[in-house]
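Chain residues, written in single-letter form:
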Amino acid sequence: NRSLGSQQMNLVASVVTSCFCFFHFVPRYQTRVARINSTNLLNHFRNRNRNCCLGRTSPAAILTATTTMSISARQDSGIPNNLIERDNYNGIILRYQNKDGISANDFRERLSDSLVAWREEGKRGIWIHLPTDSAHLVPVCTELGFDFHSAQSGKVILTQWLDSSTPSRLPLGPTHQVGIGCLVINADKKMLVVKEKTGPAAKYNLWKLPT
């Protein structure tokens, strides 16, 4: 029932460091865990378990705290929170603006860390909106598993479905346009028709319903 001594604290740090090495080499947890060094983790246990005994610190408690700190560190090193929004379908929307000043290499590292954290949080659909002046980041996104969804004037949209247990439920991009016509008849039972000045029907000089 003695408090943790320096040797015992070093033992705890060694156990935790071994846990980190295990997660580092499992592909699912590959990430930049090196940012969390044993000193920071040791300080974490010292602050939270100042009056705890070695016999009361279970491996499960160490593993839980380690995983929590690892996720938190990835969130801190990932895409800044001011650039993302969480949608109503347990997904993430990243609306990138070139003025945010993140280089391609930094963007790759941040997005990679964020993807690991989002998987562990159980996030599903990830959307990235890239404006034209950020098109150089498209290869970075495709390298990390994103695919093209749709393009609009001034931006491209890429998506990735993270839930490997279910097929992607992300909606497809727009594929066509739907036109609506109206039938207008006056009191004299005359029907309103028009001619197009531009468009496919203009060259045929056809009378048609207003659309």
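Residues numbered from 1 in each chain as written. Predicted model: local features only at pLDDT ≥ 70, side-chain atom pairs only at ≥ 80, totals over all residues. Heavy atoms only, no water.

Caption draft 1: Region of the structure containing the overall build of the chain. Tallying secondary structure elements over the chain gives 5 helices and 5 strands in all. Secondary structure of the chain in N-to-C order comes out as α-α-α-β-β-α-β-α-β-β. Counting over 211 residues, the chain shows a buried share of 34%. Intrachain contacts of the chain at a sequence separation of at least 6 include 60% that bridge at least 24 residues. Per element, the accessible surface of the chain, about 14000 Å² overall, is 54% carbon and sulfur. (Helix = DSSP H or I, 4+ residues; strand = E, 2+ residues; numbered from the N terminus. Buried < 20%, exposed > 50% of the residue type's maximum accessible area, 1.4 Å probe, protein only. Contact = heavy atoms within 4.5 Å. Areas by Shrake-Rupley, 256 points an atom, 1.4 Å probe, with all protein chains shown as cover.)

Caption draft 2: Local environment of the nonpolar core. The biggest cluster of nonpolar side chains holds 22 residues, and the ones touching the most others in it are Phe107, Leu111, Trp118, Leu130, Cys141 and Phe146. It is helix α4 (residues 104-121) that contributes the most residues to this core, 4 residues altogether. What Phe146 contacts, discounting residues up to four positions off in sequence, is Leu111, Leu115, Ile126, Ile128, Cys141, Leu158, Thr159 and Gln160. (Core = buried A, V, L, I, M, F, W, Y, C linked by side-chain atoms within 4.5 Å.)

Caption draft 3: Broad picture of a nonpolar patch on the surface. On the surface, a cluster of nonpolar side chains totalling about 390 Å² of accessible area is made up of Leu183, Ile185, Met191 and Leu209. Relative to the helices and strands, Leu183 resides in the segment after β5 (155-161). The exposed category is assigned to Leu183, whose relative accessible area is 56%. (Patch = residues over 30% accessible without salt bridge, like charges linked within 9 Å, V, L, I, M, F, W, Y side chains within 5 Å. Salt bridge = Lys/Arg side-chain N within 4 Å of Asp/Glu carboxyl O.)

Caption draft 4: Examining the pairing of strand β4 (residues 147-152) more closely. Inspection of the sheet shows β4 paired to β5 by 5 bridges, in the antiparallel sense. In the sheet register, Asp147 faces β5, and the bridge partner there is Thr159. (Pairing = 2+ DSSP bridges.)

Caption draft 5: Region of interest: unusual backbone geometry. Backbone geometry at Lys189 places phi at a positive 60 degrees, although glycine is not the residue there. Assignment of secondary structure puts Lys189 in the segment after β5. The exposure class of Lys189 is exposed, given its relative accessible area of 75%. Even without a glycine there, the phi angle at Asn205 is positive, about 55 degrees. By the secondary structure assignment, Asn205 is in the segment after β5.

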